[in-house]
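Spelled out from the first residue to the last, the chains are:
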Amino acid sequence: INATSGLVTGVAPGTATMTYTVVGTGGCANVTATRTVTVTAAPVAGTLSGNQNICVGLTSTFSSTAVGGTWSSSDTTIATINTTSGLVTGVAAGTSIISYRLSTGCFTIAVTTVHPLPGAITGPSAVCVNSTITLFDSTLGGTWSSTTPGVATVGLSSGVVTGMSAGTTTISYSLGSGCGVATTVLVNPLPSAITGSASGCVGYTISLTDATPGGLWSSGDTAVAIIGIGSGVVTGVTTGLSVITYTLPTGCTMTAVLTVKPLPLLYTVTGGGSFCTGGTGVHVLLSGSTTGVSYQLYNGTTPEGFAVAGTGSGIDFGLITPAGIYTVMATDAITSCSSTMVSSATITALPLPVAHTVTGGGSYC
């Protein structure tokens, strides 16, 4: 006890008698007053346990080796605590003193720091397999992570999410304090691979298919090829390449590159005419030809003779006797593209005069 102020400091558990003495004067005796003070055992220093660093909105449970006490927070605007369970809840960024007080008035304290959360994560909530999206957080200095990297990975500092396989994953953004926020990202599957011919000829159609239903078709270059939005029927418009895309309602796509090949050059069919039945026929001609292209003469829909290889010059299909309308189909040996040559030649077989019997004759002087 302080000799002049009366301030008592507990040193060890037990009782002590405190005496206050007034010294007598003028022959008077000293006057005293006494009081017994009991010193009770305080919880041993360091007996409080619990996470002294928590995040806004999260909790931590404190405990003490002493029993029978109550919990309190020095600033409930920063952190609140259940008086009996010791459950601390972070309210706002800052510090608050958590106390555990016994009925004797003795207490132990722990300084608790409440750390702020990052800002809310913004950006798309879905991505396709093999595609990327970028997530953002307005609070700088954090790192990104994915709970299921097999579904989606995320750049540690970039926030770029890459879809790996169909499913969902939780993407988290955490500060150095350990406080973080999270969002769920859905990874949508891709359509099946596009099937069908990868090439076609100008003016001709081919059909593309995708086994995943519900998608729509589009052409990357409609000057080269057009496609039915719901049918997958492609028509070649001009020579070149076009990327054909099949898009699901999720926005996930599958693509295929279509090559539109040129048709053989056009030349003019000439010749034809009429001849007398039993004669040698008439010639059918083509004004020109291209090396590497074969030319087949048709009488209506029936091939006439064998295909003739182009030489770079005109073609004479020879003397033709069957009557009919003749056309020529040209087929490129490399591209397999075909085109009907310009015009046609008509051959007419004229009947011979009716045969009659010649009579008469005889002799004369």
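Up top is the structure these notes are about.
What counts and what doesn't
Residues numbered from 1 in each chain as written. Predicted model: local features only at pLDDT ≥ 70, side-chain atom pairs only at ≥ 80, totals over all residues. Heavy atoms only, no water. Pairing = 2+ DSSP bridges. Helix = DSSP H or I, 4+ residues; strand = E, 2+ residues; numbered from the N terminus. Buried < 20%, exposed > 50% of the residue type's maximum accessible area, 1.4 Å probe, protein only. Lys, Arg positive; Asp, Glu negative; His and termini not counted. Salt bridge = Lys/Arg side-chain N within 4 Å of Asp/Glu carboxyl O. Polar contact = N/O pair within 3.5 Å; in protein donor to acceptor, adjacent residues only side chain to side chain. Contact = heavy atoms within 4.5 Å. Disulfide = S-S within 2.5 Å.

Engineer: Tell me about the pairing of strand β27 (residues 293-299), and name the residues and values.
Structural biologist: Bridging between β27 and strand β30 (residues 324-332) involves seven bridges; their strand directions are antiparallel. The residue of β30 that forms the bridge with L297 is V328. As judged from the five bridges shared by β27 and strand β28 (residues 302-309), these two strands associate in the antiparallel manner. Paired with S294 across the bridge in β28 is A309. Two successive antiparallel strands, β27 and β28, enclose a turn made up of two residues, where G300 displays a positive phi of approximately 65°.

Engineer: So, the side chain of D332: which residues are in play, and what are the values?
Structural biologist: In this structure, D332 sits in strand β30. As a buried residue without a salt bridge, D332 has its nearest oppositely charged side chain in K261, at a separation of 8.3 Å. Within the structure, the side chain of D332 is placed 3.2 Å from the backbone nitrogen of T335, a separation counted as a polar contact. Once residues within four sequence positions are removed from consideration, D332 is found in contact with P264, G292, V293 and C337.

Engineer: I'd love a proper account of the state of the cysteines, names of residues and values included.
Structural biologist: Considering all chains together, one arrives at three disulfides under this definition. At a sulfur-sulfur separation of 1.9 Å, the disulfide partner of C55 is C179. Classification of the bridge connecting C55 and C179 rests on its S-S torsion, roughly -100°, and on that basis the disulfide is left-handed. One end of the pair, C55, is in strand β3 (residues 53-55); the other, C179, is in the loop between β15 (167-174) and β16 (180-188), and 124 residues separate them in sequence. Residue C179 is classed as buried on the basis of its relative accessible area of 1%. The disulfide that involves C128 links it to C252, with 2.0 Å between the sulfurs. Because the torsion about its S-S bond is -100°, the bridge between C128 and C252 counts as left-handed. Of this pair, C128 sits in strand β10 (residues 126-128) while C252 sits in the loop between β22 (240-247) and β23 (253-261); the two residues are 124 residues apart in sequence, bridging distant segments of the chain. We note that C128, like C252, is buried. Numbered by order of appearance in the sequence, the disulfide-linked cysteines of the chain pair as 1-3, 2-5, 4-6.

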